[in-house]
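# Examining the three-dimensional arrangement
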Amino acid sequence: MAKSNTLAIDFGTSNSAAGIMVNGKPYLVELEAGKTTIPTSLFFDFEGQKILFGKPANKALIEGYEGRFMRALKSILGTSLMREKRRMMGETLDFIDIISRFLKEIKTRAERACHQEFDTALSGRPVYFHSGNAVKDAQALADLTQCYLKAGFRDVHFMYEPEAAAIANHALSDDGKAGLIVDIGGGTSDFCLFKSKGTGIDILASHGVRVGGTNFDKSISVDHVMPLLGKGSDIRNEMGAGTLTAPNGLFQDLATWEKIPFLYSADTRRMVKNLHHLAVEKPLFARLESVLTHELAHEMAFAVEHGKIRLNKGLNDHSMIDLGFVENGLNVNISKQDLTGSLAAHAQKIQDCAKETLVLAGLPATSVASVILVGGSSLMSVVERAMMDIFPTATLKYADAFTAIVDGLVISSADKNLR
Ligand SMILES: Nc1ncnc2c1ncn2[C@@H]1O[C@H](COP(=O)(O)OP(=O)(O)OP(=O)(O)O)[C@@H](O)[C@H]1O
Ligand SMILES: [Mg+2]
């Protein structure tokens, strides 16, 4: 049962939020100046010997402070990388420690803002951290539980993120008719099919798939940016005649938010130095070496993300991904068609998952009167189109993209019937 000292937390892949009920209404904590959300980012500031969280972490990265940046750590939950230890600022830390530092910071900021201590957390969770892998999925939940306990909470309860969004936004669906929450975040896409019932909801089915905006960024980068660093180009065969294609895995990891910190190692630098030596197109690999030496891969990921959002929003058919920080004048021009092409497989997975949600509930698509979009990546037009395709008769509605989930968690944290 939830107690009044429960803090509701939406720990997101890209952004996090927290809140409590005050006078019967959700009150969201101002986690950063003027903001009720905080980027889920950390920066180990080697010079200042402190950890920066959220926007200051992003800023330290962009301004080139000496240190180590991390983002999208939620995606590591359930994988063997969680237990990799590294020495940083005089401590040996694994990713349980690192995520728990972030959660502890949220707890501290919330306690300061609310003038009370929280010993219990009600946390959101995706329906599947790892869709299609029950073992990894269970491990992810066990990892996140451990992170909350290490952050100083005595107890943690979990609730499906799309169910929280349904609780907060049930008024957007017509009474008695089915509504579908479509929550496309940074790491996962989650669905909740529900019917409004008085002031509450009946949940008909919840479902999810491990696809989100960080996967969008990765695909755009792999298709349009990584070739500038040598992806797909030839390397002379060290053992004999002829050439081989440069190892693809390296470029996949370099384009993956949560994998980047693992590439900044002596082993990878040595391997890239060797690739440079054997490369047919040396300038590409000189660039790759420089990106690793100067640790610029996160900045590249930010440039791709900004390019994605600008192109999606803009009236122009093209957008530039500015990589001038890698090399003077370096940039990539991508078109809306390129964007659609890079995201097609993801849009298909999201569509399939929405259809499976209907099957789980045993309902036809025509029974859904409202499709309610939440999560930052629901603002992508490929997602809108994918949903309109399946639900041509439904009304598309937008709830607050970044706070719908925490609102529902807050409401539920005050509910005595908490699971
Ligand atoms: N205006 C926008 N248009 C398109 N995409 C956007 C926009 N703003 C943010 N995004 C994308 O939305 C994602 C973050 O969304 P959100 O904050 O809902 O995710 P999250 O809750 O942190 O992740 P998850 O719920 O999957 O753990 C990022 O991938 C970001 O690039
Ligand atoms: Mg989310």
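Summary of the structure given here. Everything quoted here is computed from the prediction, not taken from an experiment. (Residues numbered from 1 in each chain as written. Chains lettered and ligands numbered in written order. Predicted model: local features only at pLDDT ≥ 70, side-chain atom pairs only at ≥ 80, totals over all residues. Heavy atoms only, no water.)

### Brief notes about the site of ligand 1
Neighbouring ligand 1 are 22 residues; Thr 13, Ser 14, Asn 15, Lys 74 and Glu 305 lie closest to it. Within the side chain of Thr 13, an N or O atom sits 2.6 Å from an oxygen atom of ligand 1. Between ligand 1 and the protein, one listed contact pairs an oxygen atom with a side-chain N or O atom of Lys 308 at 2.8 Å. In the complex, the protein chains occlude 93% of the 660 Å² of accessible area that ligand 1 would expose alone. At 4 residues, helix H10 (residues 297–313) tops the list of elements feeding residues into the shell around ligand 1. When the residues that make up the shell around ligand 1 are grouped by side-chain class, the tally is 4 nonpolar, 13 polar and 5 charged. (Near = heavy atom within 4 Å. Polar contact = N/O pair within 3.5 Å; in protein donor to acceptor, adjacent residues only side chain to side chain. Areas by Shrake-Rupley, 256 points an atom, 1.4 Å probe, with all protein chains shown as cover. Helix = DSSP H or I, 4+ residues; strand = E, 2+ residues; numbered from the N terminus. Nonpolar A, V, L, I, M, F, W, Y, C, P; charged D, E, K, R; others polar.)

### A look at the packing of helix H8 (residues 266–278) against helix H9 (residues 282–293)
Contact geometry of H8 with H9 gives a least axis separation of 8 Å together with a crossing angle of 165°. Overall, the two elements H8 and H9 adopt an arrangement that is roughly antiparallel. With respect to the hand of their crossing, H8 and H9 are arranged in left-handed fashion. Together, Thr 268, Arg 269, Val 272, Lys 273, Leu 275, His 276, His 277 and Leu 278 of H8 and Lys 282, Phe 285, Ala 286, Leu 288, Glu 289, Leu 292 and Thr 293 of H9 make up the contact between the two elements. Here the residues of the contact of H8 with H9 are counted per class, giving 7 nonpolar, 4 polar and 4 charged. (Axes fitted to C-alpha atoms, helices over the stretch in contact; angles between N-to-C directions. Parallel < 35°, antiparallel > 145°, perpendicular 65-115°, else oblique. Left-handed = near helix turned anticlockwise from the far one by under 90°. Contact = heavy atoms within 4.5 Å.)

### A word on unusual backbone geometry
One non-glycine residue with positive phi stands out, namely Asn 23, at about 50°. Tracing the backbone shows Asn 23 in the loop between strand S2 (15–22) and strand S3 (25–28). Residue His 115 is not a glycine yet carries a positive backbone phi of 55°. Mapping His 115 onto the fold places it in the loop between helix H2 (95–114) and strand S10 (120–125). Judged by relative accessible area, which is 72%, His 115 ranks as exposed. (Buried < 20%, exposed > 50% of the residue type's maximum accessible area, 1.4 Å probe, protein only.)

### Observations regarding the sheet that holds strand S13 (residues 189–197)
Spatially, the 5 strands line up as an open sheet ordered S14-S13-S12-S19-S20, and their pairing is mixed. Where the open sheet ends on each side, the last strands, each with one partner, are strand S14 (200–209) and strand S20 (395–398). Across this sheet, the average inter-strand angle for adjacent strands is 25°, counted without regard to direction. In terms of strand pairing, strand S19 (residues 368–374) meets S20 through 4 bridges, oriented parallel. (Pairing = 2+ DSSP bridges.)

### Brief notes about the sheet that holds strand S7 (residues 67–71)
With antiparallel pairing, the 3 strands of this open sheet are ordered in space as S6-S5-S7. The sheet is open, and its two edges are formed by strand S6 (50–53) and S7, each paired on a single side. Recorded for the sheet is a direction-independent mean angle of 15° between the axes of neighbouring strands. Bridge count between strand S5 (residues 41–45) and S6: 4 bridges; the pairing is antiparallel. Within S6, the position partnered with Leu 42 by the bridge is Phe 53.

### What about the nonpolar core?
Grouped together as the largest cluster of nonpolar side chains are 71 residues, with contacts concentrated most on Phe 191, Phe 285, Ile 321, Leu 323, Met 387 and Phe 391. Here this core takes 7 residues from H10, the largest share from any one element. If near-sequence neighbours (up to four positions away) are discounted, Ile 321 is found in contact with Ile 220, Val 225, Ala 303, Val 304, Gly 307, Leu 330, Asn 331, Val 332 and Ile 334. Ile 9, Ala 110, Phe 129 and Phe 158 belong to the second largest nonpolar core, which has 41 residues in total. (Core = buried A, V, L, I, M, F, W, Y, C linked by side-chain atoms within 4.5 Å.)

### Details of a nonpolar patch on the surface
A cluster of nonpolar residues, Leu 379, Tyr 398 and Phe 402, forms a patch on the protein surface that exposes about 290 Å² of accessible area. Mapping Phe 402 onto the fold places it in the loop between S20 and helix H13 (404–413). (Patch = residues over 30% accessible without salt bridge, like charges linked within 9 Å, V, L, I, M, F, W, Y side chains within 5 Å. Salt bridge = Lys/Arg side-chain N within 4 Å of Asp/Glu carboxyl O.)

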